[in-house]
Amino acid sequence: MAFVNIYFSLGSNIGDRERNIMEALRLMDEAFGVHYSALSRLIETKPMGFSGGKFLNAAVLYRIFRPEGSAEEAALGILDTVKSIERSMGRTDPPEYDSDGNRIYHSRIIDIDILFYGKEVIDIPRLTIPHKGIAERPFVMVPLLEIAKPSIRKAFPEIF
């Protein structure tokens, strides 16, 4: 039986931010059928790229059974799962872009991003893994460094 380590970043800057993150983790546990393997501490950060309330951020590692099919198909299934969790928690803002194609960010009840899917590099229209800009985002790197296994650090030295 093959397993895959999947790292996620979680953030919230609306409402009870800690409760939002804990609820997202509960829903992820339920969806993946397993409790997470590692969870960073929660850190508070200022929003990056827009004005809004401070975020609580965390990184989490899940070790799940690797589904049949390609890594791209499996990762897209994971993406659909976490986006469904975001919507179930009340996130309604679809991705928005300016005229130059740059993402416009807003406050959000929950944000769940896939940082790594095993040691795979995926670059398809709906998903890029490793997640873009990880190394330039302290709100991702600080919690990620707390839980990153040596294998992921070795696979992506340009990030770590």
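Structure shown above.
The structure presented is a predicted model; accordingly, all values stated were derived computationally and were not measured.

## Some remarks on the environment of isoleucine 114
Tracing the sequence through the fold places isoleucine 114 in strand β7 (residues 111–117). For isoleucine 114, a relative accessible area of 3% puts it in the buried group. Residues isoleucine 114 and valine 34, spaced 80 residues apart in sequence, show a C-alpha to C-alpha distance of 17 Å. When neighbours within four sequence positions are excluded, isoleucine 114 is seen to be in contact with Ile6, Tyr7, Phe8, Ala75, Ile78, Leu79, Leu127, Ile129 and His131.

## Things to note about the pairing of strand β4 (residues 55–65)
Within β4, nine of the eleven residues are buried, which leaves the element mostly enclosed by the surrounding structure. Pairing analysis gives ten bridges linking strand β1 (residues 3–12) to β4, with the strands arranged antiparallel. Looking at β4, one finds that serine 12 is bridged to leucine 56. Sheet analysis places strand β2 (residues 38–39) next to β4, joined by two bridges and oriented antiparallel.

## Overview of the pattern of salt bridges
According to the stated counting rule, one finds ten salt bridges in the structure shown. Between arginine 126 and aspartate 80 there is a salt bridge, with its nearest N and O atoms 2.4 Å apart. In this pair, arginine 126 sits in the loop between β8 (122–124) and β9 (127–129) while aspartate 80 sits in helix α2 (residues 71–88), placing the two residues 46 residues apart along the sequence. The class of aspartate 80 is partly exposed, set by a relative accessible area of 37%. A salt bridge links aspartate 111 to arginine 91; its shortest N-O distance comes to 2.8 Å. With aspartate 111 in strand β7 and arginine 91 in the loop between α2 and β5 (96–97), this pair connects stretches of sequence that are 20 residues apart. For the pair aspartate 111 and arginine 91, one class covers both residues: buried.

## Observations regarding the layout of surface pockets
As a volume, the largest pocket reaches approximately 1,100 Å³. Lining the largest pocket are 41 residues; nearest its centre among them are Lys83, Arg103, Tyr105, Asp113 and His131. Of all the secondary structure elements, the ones that give two or more residues to the lining of the largest pocket are β1, β4, α2, β7, β8 and β9. Here the lining of the largest pocket is built from residues that sort into 16 nonpolar, ten polar and 15 charged.

Scoring rules and cut-offs
- Residues numbered from 1 in each chain as written.
- Predicted model: local features only at pLDDT ≥ 70, side-chain atom pairs only at ≥ 80, totals over all residues.
- Heavy atoms only, no water.
- Helix = DSSP H or I, 4+ residues; strand = E, 2+ residues; numbered from the N terminus.
- Buried < 20%, exposed > 50% of the residue type's maximum accessible area, 1.4 Å probe, protein only.
- Contact = heavy atoms within 4.5 Å.
- Pairing = 2+ DSSP bridges.
- Salt bridge = Lys/Arg side-chain N within 4 Å of Asp/Glu carboxyl O.
- 1 Å grid on protein atoms, 1.4 Å probe; cavity = no way out; pocket = protein on both sides within 12 Å on 5 of 7 lines; lining within 4 Å.
- Points joined across faces, edges and corners; volume = space filled by probe spheres on them.
- Nonpolar A, V, L, I, M, F, W, Y, C, P; charged D, E, K, R; others polar.

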